[in-house]
There are 2 protein chains.
Amino acid sequence: MPKGDATKGELKTPSCRFCHGSNGIASQPSYPNLAGQQQQYLYDAMLAYTNGTRTGPMATMMKGQLQNLNSQDLADIAAYYSAMK
Amino acid sequence: MPKGDATKGELKTPSCRFCHGSNGIASQPSYPNLAGQQQQYLYDAMLAYTNGTRTGPMATMMKGQLQNLNSQDLADIAAYYSAMK
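Reading the values: the criteria
- Residues numbered from 1 in each chain as written.
- Chains lettered and ligands numbered in written order.
- Predicted model: local features only at pLDDT ≥ 70, side-chain atom pairs only at ≥ 80, totals over all residues.
- Heavy atoms only, no water.
- Helix = DSSP H or I, 4+ residues; strand = E, 2+ residues; numbered from the N terminus.
- Rg over C-alpha atoms; globule rule 2.2 N^0.38 Å.
- Buried < 20%, exposed > 50% of the residue type's maximum accessible area, 1.4 Å probe, protein only.
- Contact = heavy atoms within 4.5 Å.
- Arc of directions from axis to C-beta.
- Least-squares fit on C-alpha atoms with pLDDT ≥ 70 in both.
- Buried area = accessible area lost by both parts, 1.4 Å probe.
- Salt bridge = Lys/Arg side-chain N within 4 Å of Asp/Glu carboxyl O.
- Polar contact = N/O pair within 3.5 Å; in protein donor to acceptor, adjacent residues only side chain to side chain.
- Axes fitted to C-alpha atoms, helices over the stretch in contact; angles between N-to-C directions.
- Parallel < 35°, antiparallel > 145°, perpendicular 65-115°, else oblique.
- Nonpolar A, V, L, I, M, F, W, Y, C, P; charged D, E, K, R; others polar.
- Left-handed = near helix turned anticlockwise from the far one by under 90°.

Draft legend 1. Focus on the overall build of chain A. Within chain A one finds five helices and zero strands. Mapped from its N terminus to its C terminus, chain A presents α and β elements in the order α-α-α-α-α. At 12 Å, chain A has a C-alpha radius of gyration in line with the 12 Å of a compact globule built from 85 residues. Each principal axis of the C-alpha atoms in chain A carries an extent, and together these give about 30 × 30 × 20 Å. Looking at chain A as a whole, 41% of its 85 residues are labelled buried. In chain A, the share of contacts with a sequence separation of at least 24, taken over all contacts with a separation of at least 6, comes to 70%.

This is the structure we're talking about:
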C-alpha cells in the first residue's frame, strides 16, 4: 500500500459520502461505517473491488465508483477514513 | 434479518475474537474493526460469506468460521458488535 495522505484523501471522497456519510457513518444500515476503520483493510477492500476479487451485491457499483482512482488515491482515501473519529 | 440479541450474540463470538478483537478492534490492520458497525451491514456481510456471494482473500476462511451458524446466530452476533462502542 502506498503511504496515504488523509488531507488529499478528503478531496477524493465526494462520491463516497452519499452512502458512507460525510462523517464516515453510513446513511443506511446496509452500508458500512468507515470512520476509524483499519487503513489497510479499507485499502484492501477498495483494491479488491477494483480488480474484481471482491464480489457481492454492491461490488459492481463500488467498482464503478472506484474505476478512475489509482492505488495512491485509494491509500489517501483509506488514510482519511481511518483517521476519522 | 431476524431480531438480534446482543447478549446471546456475545456467546457466539469466540472464534470472531481472534482476528476482530475482544473489543471489536481488529488485531491486525488487514482485518476490519467491527465495534459500532451497522447491524444490517454486519448481518448481510456474514450471510454473503455463508452463501458464497461475497468473495475475496478471506472469504473461504470466513465461510468456514460461519458454517455452523444459522440466521438467528448471525443476527445475534451483528447485534453484539453493532452495540459495542
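Back to the text.
Draft legend 2. Focus on helix H4 (residues 59-66) of chain B. All names here are of chain B. Among the residues of H4, Ala-59, Met-62 and Leu-66 are the ones counted as buried. Seen from one end, H4 has its buried residues packed into an arc of 65 degrees, which puts them on one side. Against the buried residues of H4 lie helix H3 (39-50) and helix H5 (71-82).

Draft legend 3. Highlighting the relation of the copies chain B and chain A. Structural alignment of chain B on chain A gives an RMSD of 0.0 Å, achieved by rotating through 180 degrees and translating 0.0 Å along the axis. Expressed as an axis order, the relation between the two copies is that of a two-fold axis. Closest to the rotation axis within chain B is the C-alpha of Thr-55 of chain B, separated from it by 2.6 Å.

Draft legend 4. Spotlight on the interface of chain B and chain A. Facing 18 residues of chain B, the contacting portion of chain A comprises 18 residues. For the pair chain B and chain A, the summed buried surface comes to about 1500 Å²; carbon and sulfur atoms form 42% of the total. There are zero salt bridges connecting chain B and chain A. On the surface where chain B and chain A come into contact, there are 15 residue pairs in polar contact (both at pLDDT 80 or more).

Draft legend 5. Quick look at the packing of helix H3 (residues 39-50) of chain A against helix H4 (residues 59-66) of chain A. All names here are of chain A. It is at 8 Å that the axes of H3 and H4 come closest, and there the two elements cross at 100 degrees. Between H3 and H4, the angle is such that the two are roughly perpendicular. Judged by residue contacts, Met-46, Tyr-49 and Thr-50 of H3 engage Ala-59, Met-62, Lys-63 and Leu-66 from H4. Classifying every residue of the contact of H3 with H4 gives five nonpolar, one polar and one charged.

Draft legend 6. Inspection of the packing of H3 of chain B against H5 of chain B at higher detail. Residues and elements named next belong to chain B. The contact between H3 and H5 brings their axes to 8 Å, and the two run at 140 degrees. In this view, H3 runs oblique relative to H5, as classed from their interaxial angle. Crossing of H3 over H5 shows right-handed handedness. Facing Gln-39, Leu-42, Tyr-43, Met-46, Leu-47 and Thr-50 of H3, the residues of H5 in contact are Ser-71, Leu-74, Ala-75, Ile-77, Ala-78, Ala-79, Tyr-81 and Ser-82. Per-class residue counts for the contact of H3 with H5 are 10 nonpolar, four polar and no charged.

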